There are 2 protein chains.
Amino acid sequence: MLTFYNEQHSQHQGRHEFFRGQQVPCFETPARADAVLAELGRRGLGRIVTPHGVPLMSLERIHTPRYLHFLRNAWSEWVALDPANASKDAFPSVWPVRTLRSDVEPDNFCARLGLYSMDSGTPLTAGTWSAAKTGADCAVNAAHALRLGERSAFVLSRPPGHHAGADFYGGYCFLNNAALAAQHMLDDGARKVAILDLDYHHGNGTQSIFYQRDDVLFISLHADPRDEFPFYLGHADERGEGAGLGYNLNLPLPAGTTATAWLAALETACIRLGSFGADALVVSLGVDTFAGDPLSRFALHSADYLRVGERLAWLGLPTAFIFEGGYAVKELGVNVVNVLEGFETAL
Amino acid sequence: MLTFYNEQHSQHQGRHEFFRGQQVPCFETPARADAVLAELGRRGLGRIVTPHGVPLMSLERIHTPRYLHFLRNAWSEWVALDPANASKDAFPSVWPVRTLRSDVEPDNFCARLGLYSMDSGTPLTAGTWSAAKTGADCAVNAAHALRLGERSAFVLSRPPGHHAGADFYGGYCFLNNAALAAQHMLDDGARKVAILDLDYHHGNGTQSIFYQRDDVLFISLHADPRDEFPFYLGHADERGEGAGLGYNLNLPLPAGTTATAWLAALETACIRLGSFGADALVVSLGVDTFAGDPLSRFALHSADYLRVGERLAWLGLPTAFIFEGGYAVKELGVNVVNVLEGFETAL
Ligand SMILES: [Zn+2]
Ligand SMILES: [Zn+2]
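Just so we're clear, the structure is a prediction, and the values are computed from it rather than from any experiment.

Turning next to the pattern of salt bridges. If you walk through the whole model with that rule in mind, you get 37 salt bridges over all chains. A salt bridge links R158(B) to E28(B), with the shortest nitrogen-to-oxygen separation between them at 2.5 Å. With a gap of 130 residues between them, R158(B) in the loop between β5 (152-156) and α6 (177-187) and E28(B) in the loop between β3 (22-24) and α1 (30-43) connect regions that are remote in the sequence. Linked by salt bridges that have partners in common, E39(A), R42(A), R43(A) and E341(A) make up one network.

What follows is about the sheet that holds strand β9 (residues 280-285) of chain B. Residues and elements named next belong to chain B. Across the sheet, which stays open at both edges, the 8 strands sit in the order β4-β1-β5-β10-β9-β6-β7-β8 with parallel pairing between neighbours. One side of each edge strand has no neighbouring strand; the edge strands of this open sheet are β4 (48-49) and β8 (248-253). The sheet strands contacting helix α8 (residues 259-276) are β6 (193-197), β7 (216-223), β8 and β9, and the helix crosses β7 at an angle near 175 degrees.

Overlaying chain A with chain B gives an RMSD of 0.0 Å, the required rotation being 180 degrees about an axis along which the chain moves by 0.0 Å. Both chain copies can therefore be described as sitting about a two-fold axis. For chain A, the minimum C-alpha distance to the rotation axis belongs to V97(A) and amounts to 2.6 Å. A high fraction, 100%, of the interface residues of chain A reappear at the interface in chain B, so the copies pair face to face through one surface.

A few words now on the interface of chain A and chain B. Opposite the 51 residues of chain A that make contact, chain B presents 51 residues. Across the interface of chain A and chain B, roughly 4,600 Å² is buried in total on both sides, 56% from carbon and sulfur atoms. When residues of chain A are sorted by the area they lose upon contact with chain B, R20(A), R98(A) and Y232(A) head the list and together hold 21% of the total. Inspection of the region where chain A meets chain B yields 6 salt bridges. The interface formed by chain A and chain B holds 28 residue pairs in polar contact (both at pLDDT 80 or more) in total. Put simply, the parts of the chain that give the side of chain A that touches chain B at least two residues each are β3 (22-24), α3 (65-81), α4 (109-115) and α7 (204-210) of chain A. With 4 residues, α4(A) is the single largest residue contributor to the side of chain A that touches chain B.

What follows deals with the packing of aromatic side chains. Residues and elements named next belong to chain A. Applying the stated criterion across every chain, the model contains 26 aromatic pairs over all chains. Ring centres of F70 and Y116 lie 4.9 Å apart, and the angle between their planes is 35 degrees; this geometry places the pair in the tilted category. Pair noted here: F70 is in helix α3 and Y116 is in the loop between α4 and α5 (128-147), with a separation of 46 residues, a long-range link. Accessibility classification places F70 together with Y116 in one group, the buried group. Ring centres 5.9 Å apart and planes at 65 degrees place the aromatic pair Y247 and F276 in the edge-to-face group. With Y247 in the loop between β7 (216-223) and β8 (248-253) and F276 in helix α8 (residues 259-276), this residue pair connects regions lying 29 residues apart in the sequence. On the accessibility criterion, F276 (3% relative accessible area) is buried. An aromatic cluster is defined as three or more aromatic residues linked by ring pairs; in this entry it consists of Y67, F70, W78, F109 and Y116. The aromatic ring of F276 is capped on one face by K192, whose charged end is 5.0 Å from the ring centroid.

Parameters at a glance
- Residues numbered from 1 in each chain as written.
- Chains lettered and ligands numbered in written order.
- Predicted model: local features only at pLDDT ≥ 70, side-chain atom pairs only at ≥ 80, totals over all residues.
- Heavy atoms only, no water.
- Salt bridge = Lys/Arg side-chain N within 4 Å of Asp/Glu carboxyl O.
- Helix = DSSP H or I, 4+ residues; strand = E, 2+ residues; numbered from the N terminus.
- Pairing = 2+ DSSP bridges.
- Contact = heavy atoms within 4.5 Å.
- Axes fitted to C-alpha atoms, helices over the stretch in contact; angles between N-to-C directions.
- Least-squares fit on C-alpha atoms with pLDDT ≥ 70 in both.
- Buried area = accessible area lost by both parts, 1.4 Å probe.
- Polar contact = N/O pair within 3.5 Å; in protein donor to acceptor, adjacent residues only side chain to side chain.
- Phe/Tyr/Trp six-rings, centres within 6.5 Å; stacked < 30°, edge-to-face > 60°.
- Buried < 20%, exposed > 50% of the residue type's maximum accessible area, 1.4 Å probe, protein only.
- Lys NZ or Arg CZ within 6 Å of the ring centre and 35° of its normal.

Listed below in structure tokens is the structure:
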């Protein structure tokens, strides 16, 4: 399996995030991607390549120009506010919720930071843009490789992407890599692409991007949002809208879900995938479903991830795996690469 | 002038607020109301009374039952999460912005805190509910006094109210006292009520509550929201919606606005007020338009506030003044009471 590795990922390294209004250490660290890279090397799963840079226009297929412009310049604006900001990550503190407008972009930087975000748990740092952009490059390159005939590709990148919407960041995510990969394949001639989100958390960004479309089927297995981030999306009654009605499938699962129950939900997802008739599959591969994950409450074990990969291989689709969440750093490499190896060795 | 004083106000005392992601001291402190109370006493402006408690149903005329239920129980839920929270104010860290749902109330407390708020600058504390509820009592009592024939009344209360919407808090505000006063007068037989918001910041909560109604005219003079809180509302093109079209008037003013320009805008507001034909007037009285205000960038001086009061008196309407912002504590009493004394002595 071809791996597109984001060499810039470690440029994005938050100093802290907020939990219940207090500063706590970041869970989403460079060590995460390093661990997966090391395990890939140990198992010799295939070539690791550096992506070509893609034009901003490719990103504008998913994200609004206004948001991209903001994100690209955010750090320099933040430091321009006060030189002392260079040693502090940027966090928003005000947001346009119900009745407040999103259509007028404020001049005030902090207000724009809030306009384009959904939480204060996602540090924006000096290297965020270059890391996120190179990650998006990886995703588009992987999609391109599939269109050129590769059976599968792995995007080993940070920051993750599935919580990022068309015009907001949050949940550690800035650019929606899975959405970018799916859209690139469509733009390159695929008729239908499916996105399967296996992360512990609902992929609210990806869902919202494709919610009104029937050329992208979005399916997500995740912790019930009543109790878990992103809290405000991911319910079973969200089935799509307009032309997209029926092309969104959420399978929320309760805390404590074991491999047996989780794999049964995966089976439900695979049946829907089969009937959709996709030309290609994008997998948002979070392994924070792992029993030892510090943020999560599902109970999958390392060996289960081999079975996940095997099951996906049986779908027989060109498949791009996109690295999303997973915070048990010690086991992260094994868990992620198990999915990939299960996929590779299944057929 | 009858003053309804909220004796519970000092129960609401935040430990800190957030500015650019950093903890900073609170600007909205108990000393603010104390300063105004002391100045009222010095000038002998009239009787100071304690309000009767009003039923929750009066609050439900403006705020959603779901929001009120949350607010009433928020502190005990916060402490139930972790006994150590008793010594920390509650702040949200995730919000339902664009594409995220507000219709499903999460079980997770922190998610509900975000559902019902618009910023992380508004500490929710042990005494917030009793302070806000007693403040709302003052507002409804003042409205009632006007209906019984008083010419004017002053609501001396904290926390302020004009940023609070039907179902969210923010900008130091939890219950919208001005909206509650206006609604009470309508419920008690007034046909039309006008609300004039003189605070430096746009009264986004009040505007949004009455935006589709023609029985309440809302007019606000404030700093341009492109640069100042609440950032996402308060533009000149917001004129009301549906039946409310034409019953919302925003007069945003640039940084550095002097008394001359500000009073000219007040004149514009008074002309529109005159043509509306209100039975009563509610004034959201913030004096953070003061040149020495630490949060603001207008340049009114203490003597100007006498003229403000005089001008409002000439409208000849039963008038309830509701204390909102103003953070130059030393001059706060003089500035607020100048408005009231200007009003009292004009005719
Ligand atoms: Zn996750
Ligand atoms: Zn104010």
